[in-house]
Amino acid sequence: MPLPKELEDAWKRAEETGQPVEAGRSVVCDSCTKDYTDLPDEGGIVFGSSGYGPCCAPRMLADARKFGEMKYVSAQCPAGTSYADFIRTYRQQHSSTTVRIRKR
Ligand SMILES: [Zn+2]
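All values derive from a computational prediction rather than experimental measurement.

Right, let's get into the environment of threonine 33. Relative to the assigned elements, threonine 33 resides in the loop between strand E1 (21-22) and strand E2 (45-47). Note: C-alpha distance between threonine 33 and tyrosine 52 (19 residues apart in sequence) is 9.1 Å.

Here is the structure:
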């Protein structure tokens, strides 16, 4: 699945400058890159410093339980909140509005 245009541009800038970039309001699943920016889907978790949408969170949580890694689950999406809003709120609370770019 292609990244949203906004992230694609940010990614290019980061590759050129080597600097972290603003994520803006874009919200994707860090596992499968599904774009949740404007989706109402609920669920998802923050694991370490990555966000996993409702698509991948159940699998991540099952693995975390199995391997005793629940301590790395930083936050879980509260009921009645979309994954996108959950992540945007989390970023504000943790002042982490930048995205660190990893080479693919
Ligand atoms: Zn996913």
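Once you've had a look at it, read on.
With that settled, consider the nonpolar core. Counting 17 residues, the largest nonpolar core has Val27, Tyr36, Ile45, Tyr52 and Tyr83 as its most contacted members. At the level of elements, helix H1 (5-17), E2, helix H2 (57-66) and helix H3 (83-93) are the ones that each hand at least two residues to this core. By residue number, the principal contributor to this core is H3, which donates four residues. When near neighbours in sequence (up to four residues on either side) are disregarded, tyrosine 52 contacts Cys29, Asp30, Ser31, Gly44, Ile45, Phe47, Ala57 and Met60.

The rules we used
- Residues numbered from 1 in each chain as written.
- Predicted model: local features only at pLDDT ≥ 70, side-chain atom pairs only at ≥ 80, totals over all residues.
- Helix = DSSP H or I, 4+ residues; strand = E, 2+ residues; numbered from the N terminus.
- Core = buried A, V, L, I, M, F, W, Y, C linked by C-beta atoms within 7 Å.
- Buried ≥ 20, exposed ≤ 12 C-beta atoms within 10 Å, placed from the backbone.
- Contact = placed C-beta atoms within 7 Å.

Read these as spatial facts, not as claims about activity.
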